[in-house]
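Survey of secondary and tertiary structure
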Number of protein chains: 2
Amino acid sequence: MQTKSPVIIDLKFDQEKVAAALKGAFPGREVINLSHPASRNRDLSGIDYAVVWRPGADLFSRAGDLKVVFSGGAGVDHVVTLPGLPDVPLVRFVDAMLTTRMSEWVIMQCLLHLRQHQAYEAQRQKRVWRELVQPGASEITVGIMGFGVLGQDAAAKLKALGFNVIGWSKSGRKVEGFETHDEKGLGTFLGRTDFLVGLLPLTPDTRGIYNTGLFTRLSRKGPFGAPVFINGGRGGSQVAADIVASINDGTLHGASLDVFEQEPLPLESPFWSMDRVFITPHVAAASDVGALFRHVGRQIDRLESGKPLEHIVDRGAGY
Amino acid sequence: MQTKSPVIIDLKFDQEKVAAALKGAFPGREVINLSHPASRNRDLSGIDYAVVWRPGADLFSRAGDLKVVFSGGAGVDHVVTLPGLPDVPLVRFVDAMLTTRMSEWVIMQCLLHLRQHQAYEAQRQKRVWRELVQPGASEITVGIMGFGVLGQDAAAKLKALGFNVIGWSKSGRKVEGFETHDEKGLGTFLGRTDFLVGLLPLTPDTRGIYNTGLFTRLSRKGPFGAPVFINGGRGGSQVAADIVASINDGTLHGASLDVFEQEPLPLESPFWSMDRVFITPHVAAASDVGALFRHVGRQIDRLESGKPLEHIVDRGAGY
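Keep in mind that what you see is a predicted model, and the values were worked out from it rather than measured.

1. Here's the deal with the pairing of strand 4 (residues 68-71) of chain A
All names here are of chain A. Here strand 4 shows no split at all, with Val68 and Phe70 on one side and Val69 and Ser71 on the other all buried. Here four bridges tie strand 3 (residues 49-53) to strand 4, and the two strands are oriented parallel to one another. When the sheet's bridge partners are listed, Ala50 is paired in strand 4 with Val69. Both strand 4 and strand 5 (residues 90-91) contribute to a ladder of two bridges, which runs parallel. Each bridged residue has a counterpart across the sheet, and for Val69 the counterpart in strand 5 is Leu90.

2. Focus: the interface of chain A and chain B
A common way to state how big an interface is: give the accessible area lost once the parts meet. Between chain A and chain B, the residue contacts involve 55 residues of the former and 57 residues of the latter. Between chain A and chain B, the buried area comes to about 4700 Å², and carbon and sulfur atoms account for 60% of it. If you look at where chain A meets chain B, you find six salt bridges. Inspection of the region where chain A meets chain B yields 27 residue pairs in polar contact (both at pLDDT 80 or more). Those elements that provide at least two residues to the side of chain A that touches chain B are helix 4 (96-114), helix 5 (117-125), helix 6 (149-160) and strand 12 (277-279) of chain A. Broken down by element, the side of chain A that touches chain B gets its largest block of residues, 10 residues, from helix 4 of chain A. Residues belonging to the side of chain A that touches chain B are distributed by class as follows: 31 nonpolar, 10 polar and 14 charged.

3. Details of the sheet that holds strand 7 (residues 164-168) of chain A
All names here are of chain A. Spatially, seven strands are ordered 8-7-6-9-10-11-12 in an open sheet, and the strand pairing comes out parallel. The open sheet is flanked by strand 8 (179-181) and strand 12, the only strands paired with a single partner. On average, adjacent strands in this sheet sit at an angle of 15 degrees to one another, irrespective of strand direction. In this structure, strand 6 (residues 141-145) lies alongside strand 9 (residues 195-198), joined through four bridges in parallel fashion. Across the sheet, Ile144 pairs through a bridge with Val197, a residue of strand 9. Packed on one face of the sheet, helix 6 meets strand 6 and strand 7 and runs near 170 degrees to strand 6.

4. Re the side chain of Arg101 of chain A
Examined against the element boundaries, Arg101 of chain A turns out to sit in helix 4. Arg101 of chain A gets classed as buried once you look at its relative accessible area, which sits at 3%. Side-chain polar atoms of Arg101 of chain A contact the side chain of Glu104 of chain A, separated by 2.9 Å. Those residues in contact with Arg101 of chain A that lie beyond four places of it in its chain are Ala284, Ala285 and Ala286 of chain A together with Arg115, Gln134, Pro135 and Gly136 of chain B.

5. Things to note about the packing of aromatic side chains
Any two aromatic rings considered together are summarised by their centre-to-centre distance and by the angle between their planes. Residues and elements named next belong to chain A. All chains considered together, the criterion is met by 16 aromatic pairs over all chains. Consider the rings of Phe147 and Phe178, whose centres lie 5.8 Å apart with planes at 80 degrees: the pair is edge-to-face. With Phe147 in the loop between strand 6 and helix 6 and Phe178 in the loop between strand 7 and strand 8, the pair connects residues that are 31 residues apart, well separated along the chain. Per residue, the accessibility class of Phe147 equals that of Phe178, and both read buried. Here the aromatic rings of Phe195 and Phe224 are separated by 6.4 Å at their centres, their planes lie at 20 degrees, and the arrangement is stacked. Highlighted residues: Phe195 in strand 9 and Phe224 in the loop between helix 8 (212-215) and strand 10 (228-231), separated in sequence by 29 residues. Under the relative-accessibility criterion, Phe195 is labelled buried at 1%.

6. A look at the confidence of the model for chain A
In this model, chain A carries a mean pLDDT of 95, and residues with pLDDT of at least 70 account for 99%. Reported confidence for the predicted complex is 0.86 by ipTM and 0.81 by pTM.

7. Observations regarding unusual backbone geometry
If a residue is not glycine, its phi is most likely negative; likewise, a peptide bond is most likely trans. Note the cis peptide between Glu263 of chain A and Pro264 of chain A, where omega equals -5 degrees. Assignment of secondary structure puts Pro264 of chain A in the loop between strand 11 (254-257) and strand 12. Positive phi is not limited to glycine here, since Phe26 of chain A has a value of about 50 degrees. The backbone of Arg54 of chain B sits at a positive phi, close to 50 degrees, despite the residue not being glycine. Assignment of secondary structure puts Arg54 of chain B in the loop between strand 3 (49-53) and helix 2 (59-62).

Basis of the calculations
Residues numbered from 1 in each chain as written. Chains lettered and ligands numbered in written order. Predicted model: local features only at pLDDT ≥ 70, side-chain atom pairs only at ≥ 80, totals over all residues. Heavy atoms only, no water. Buried < 20%, exposed > 50% of the residue type's maximum accessible area, 1.4 Å probe, protein only. Helix = DSSP H or I, 4+ residues; strand = E, 2+ residues; numbered from the N terminus. Pairing = 2+ DSSP bridges. Contact = heavy atoms within 4.5 Å. Buried area = accessible area lost by both parts, 1.4 Å probe. Salt bridge = Lys/Arg side-chain N within 4 Å of Asp/Glu carboxyl O. Polar contact = N/O pair within 3.5 Å; in protein donor to acceptor, adjacent residues only side chain to side chain. Nonpolar A, V, L, I, M, F, W, Y, C, P; charged D, E, K, R; others polar. Axes fitted to C-alpha atoms, helices over the stretch in contact; angles between N-to-C directions. Phe/Tyr/Trp six-rings, centres within 6.5 Å; stacked < 30°, edge-to-face > 60°. pLDDT = per-residue confidence, 0-100.

Here's what the structure looks like:
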């Protein structure tokens, strides 16, 4: 009887949460958690699987026989560029809960701007009871850049709430019920967008894409007179200095950022205290580590029962 | 060529908002805003239209040739009783937006509590980058008291976002796709409810219904360990002192209030500065003055192109 291959866990996450999630995970299979000092000198040869997020520099040389690498996150930009990454299938983390959580965050941010939450909070500080001009969702067009699983889920929910929603993806992916644009249609897409929601993966094409040049092409015809930028995707896609300048000079009416070029956000960042900006510490779609291990377990079961792996990353495209 | 009749505006609303909404409204037509001192001695004879809310006592004697009077509010009880109201069509303000706006507010409040917005804002004040334990919408049951047009619209949208939703109305109104309860089922309904959303009309039965006795019957099994109370209905249905005490002793985890027993909220109210409480100045479903002017414009266009006016008040019935 063949023994099941162990699973290597090398996740630079909160170790308490990882340990809790590992209880009962991968039944019948040894789990080698590299965060444990006891695993430091463990022989990793002959092992098929590794689940990684910011793994140790020597992982791939120590574990020379991996058959599959599982990314610990939905975004794989940190993984595809790892030195020594073997030429085996790289599987992304796909989780229904992650999609739902991202949509919660996106919708809350759209509503915070629409309903002028910060202005009402400022009035509250001064004990001022006053109604502000309040446009409805139907007066806002939300343009979503990145119209894959996350973008489409957010789109459907925003639409149910009464927002107008349009989508953009490099390929111009067609989605029933939505006006979508491709690379060539970017100008048209931006010109119609009052609230820009960024859900793009980070690739060489999207690095720094959210910059002043792009912000100036957004609609200024919306009820707030200037657009809002909401980024739940990747910090590397945005140019922080451009966002700050655009908020300050009125190119942008406001922003919501869950991701940053440098995380944790440096203490000296102006975002900590800027008006008309909401920030969250990369928690928009934080998914539970338990769900990650269930996903990895399902994929290993598929492979070992002769079915193809799902959610394999296209390394050429970078996502 | 005939000149289009001017429109008289006599609205005791926030004048900044009226002025903002009037920009671009009624194209090709003179607008006489009686809140402007310059209009004080303006001759109003020969003018066809007036849009009114608590108009000046002399309006109808000065404007003796009105052909239509437009109410500035959805309710017309303040208008039908006006002394000197001419015997011409009186048109109410009908606005589908009002339902949509209430759902926007309800959903934003549910998300603010779910996603611990206030806790993240407090961390931001201290420049702390830290993920909090974050339950998902699917771990929360929202119980809506008042399951009519507003309640059902909010319910459908909350459900789309992943919340569990149950409804309560005095009659136990059945609604496809939702578990609903009636008067006798109140205990069961409350015992399952993590976030209580109040959308009840104010009647002798509902006055003071949201009190400590009711709050203690809500579920404490939800992920926050105590329930949240969200009132978008009527201030008279809640007992402010009970909400304050319930927040302070942990009976309630948090609250969102758009309505109050006394409005504007008195300066000495603790709600202005309480943690875990969001307040807004009775604006959850306020319909926007811009929508009013668009509605009036559409009705004038209908009339002038030979079509019948819509939404004419039955003065005998009083609505």
